[in-house]
Amino acid sequence: MRYVSTRGDAPALDFEQVTLAGLASDGGLYVPAAWSRFSRDEITALQGLSYVDTAVAVMTPFVGDALGRDELRDLCARAYGRFAHAAVTPLVQLDHDQWLLELFHGPTLAFKDVALQLVGLLFERFLKDRRGHLTVIGATSGDTGSAAIDALAGRDGVDVFMLHPAGRVSEVQRRQMTTVLAPNIHNIAIEGDFDDAQALVKAMFNDPAFSGRFALSAVNSINWARLMAQVVYYFHAAVRLGAPERGVAFAVPTGNFGNVFAGWVAARMGLPVAKLIVATNVNDILHRALSAGDYSRGAVVQTPTPSMDIQVSSNFERLLFELGGANGRASAEQMRGFEASHAMRLTPRQLEGAAELFTSCRVDGDDMSSAMRWANERGGEVVDPHTGVALAAALTAKVDAPVVTLATAHPAKFRDAVERATGTRPTLPHRLGDLFQREERYATLPATFEAVTAYIAERATAR
Ligand SMILES: Cc1ncc(COP(=O)(O)O)c(C=O)c1O
Ligand SMILES: N[C@@H](CCOP(=O)(O)O)C(=O)O
């Protein structure tokens, strides 16, 4: 399998290279040069498989010959063996046609573990052959950071520099990152918002002087391997609900567009996805883009769903590329225009193409809280606010299929917001019980390229 950049000017890479590279050298994102398609029989054959076996079947076409099937299976078994639920991603029925897909049973209590536990093992495996060293730089609004840190803490040959927006993540999220004191983990609170952090990460990749000194890699969903691992749970959930005989819709709490783009990939591979419901909070750039073609950046507003307080959704570029034609030029020009002016319009072809699968919904705090209470009244289900945003969208969507809401975080990660909305204060799982007693370590820096690169350069291992 070869991977090409959405901007068309970077070399095509294989799976190992694309996993280690993260972002393309022309500023674009890597996507498969061609999509594998599963036949109905192949989808039927997934029924009854364990999560690990489903993962192997779904990911094999993307991994190609970078790993043998047994080796891939072994890595998946190790990654998903760390989950606290035997089903890895259990489905819970809320109502006749409403389901929750619980993606938060991994070590750091958010859906990011599903991909990052595997990505950590892939880094280790690919670095072993090369005897190389990686400098991972990431931006987080709270969950990617803790998942990446858990997956990479103490691993040989990898340093992690994780940027989070100071004061804009929940206390549990911050402590999950900053109490990991392994020498290869470096937490940086930047004085800005998540978009500033993400822009700094991309600027570091795009700066030849900096990226030439260090072997940079990414753990955000700009890294293809992250998305690939997230495609698996769409298949696993849909076949449990009757695919391929019946279609299934998914409601996805959306920020960086990675999770829902993984759903698009599943559909592109042949899974009968009835609809992908993109649920945003009031930071609604994606809702405006999908409903009116207006992809223009506003100021980031702080909400009870901090992980979705994002106005620049990295993976939207992948969708524009796929909808805009095979030569990549449409999306490359659009993205460069957006980077310069912070605004762009979707072409009519992109808007119509997106509408075939996507619908979108902007959910405010009141609707989120009502949806959280609704779930609570259904068998006492306590959902986190991000899940509440998606559930609110699911409850109003007009689709003729079961709707699966992706439950992206454990409610205890956002216990103040959950308590405000539902009156119930969730408790942290036992293994995190002493989180508030642990020592924290992090640096606080201005959100400038100079300050952040100087800090990293002093601590990172040069090529
Ligand atoms: C709990 C939670 N829900 C939803 C999202 C949004 O997902 P995505 O950025 O893949 O759109 C995030 C952040 O990525 C998150 O941490
Ligand atoms: N909500 C995310 C933001 C980064 O998203 P990613 O999926 O691109 O890593 C977070 O929790 O950090």
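Residues numbered from 1 in each chain as written. Chains lettered and ligands numbered in written order. Predicted model: local features only at pLDDT ≥ 70, side-chain atom pairs only at ≥ 80, totals over all residues.

Quick look at the overall build of the chain
Point 1. The number of helices and strands found in the chain is 19 helices and 15 strands.
Point 2. Once the C-alpha set of the chain is aligned to its principal axes, its extents read approximately 55 × 50 × 50 Å.
Point 3. The contacts of the chain with a sequence gap of at least 6 include a subset with a gap of at least 24, amounting to 74%. (Helix = DSSP H or I, 4+ residues; strand = E, 2+ residues; numbered from the N terminus. Contact = placed C-beta atoms within 7 Å.)

Let's talk about the sheet that holds strand β5 (residues 134-139)
Point 1. Strand order in the open sheet made by the five strands is β8-β5-β6-β7-β15, with parallel pairing throughout. At either margin of the open sheet sits one strand with a lone partner, and together these are β8 (216-217) and β15 (443-446).
Point 2. Of the pairings in the sheet, the one linking β5 to strand β6 (residues 158-165) comprises six bridges and is parallel in character. Bridge pairing in β6 places L134 opposite V158.
Point 3. Along the sheet, helix α19 (residues 449-459) contacts β6, β7 (185-191) and β15; its crossing angle with β15, the most-contacted strand, is approximately 140 degrees. (Pairing = 2+ DSSP bridges. Axes fitted to C-alpha atoms, helices over the stretch in contact; angles between N-to-C directions.)

Thoughts on the site of ligand 1
Point 1. Around ligand 1 there are 16 residues in total, and D143, N256, G258, S307 and T408 lie nearest to it.
Point 2. Broken down by element, the residue count for the shell around ligand 1 peaks at three residues, all from helix α11 (residues 258-268).
Point 3. A class-by-class count of the residues in the shell around ligand 1 yields six nonpolar, nine polar and one charged. (Near = placed C-beta within 6 Å. Nonpolar A, V, L, I, M, F, W, Y, C, P; charged D, E, K, R; others polar.)

Describing the UniProt feature "modified residue: N6-(pyridoxal phosphate)lysine" (unreviewed entry) in the chain
Point 1. UniProt records the feature "modified residue: N6-(pyridoxal phosphate)lysine" (unreviewed entry) for K112 in the present numbering.
Point 2. Residue placement: K112 occurs in helix α5 (residues 112-130).
Point 3. On the basis of neighbour count, K112 is assigned to the buried category, with 33 C-beta atoms found within 10 Å.
Point 4. Look past the residues within four positions of K112 in its chain and what remains in contact with it is D143, T144 and A147. (UniProt positions renumbered as here; feature names shortened; annotations may be inferred. Buried ≥ 20, exposed ≤ 12 C-beta atoms within 10 Å, placed from the backbone.)

What about the pairing of strand β3 (residues 91-95)?
Point 1. Across four bridges, β3 lies against strand β4 (residues 98-102) in antiparallel orientation. Counted as the bridge partner of Q93 is W99 from β4.
Point 2. The antiparallel pairing of β3 with β4 creates a hairpin that spans two residues between the two strands.

Details of the sheet that holds strand β9 (residues 248-253)
Strand pairing in a sheet relies on backbone hydrogen bonds, with the paired strands running either antiparallel or parallel.
Point 1. Here six strands make up an open sheet; going across it, the order is β3-β4-β14-β9-β10-β13 and the pairing mixed. The outermost strands of the open sheet, each flanked by one partner alone, are β3 and β13 (358-362). On average, each strand axis in the sheet is tilted by 25 degrees relative to the strand beside it, whichever way the strands run.
Point 2. Summarising the sheet, β9 and strand β10 (residues 273-280) pair through six bridges and their orientation is parallel. Each residue of the ladder has a partner; that of V252, found in β10, is V278.
Point 3. Sheet strands in contact with helix α12 (residues 285-292) are β10 and β13, and its direction is about 135 degrees off that of β13.

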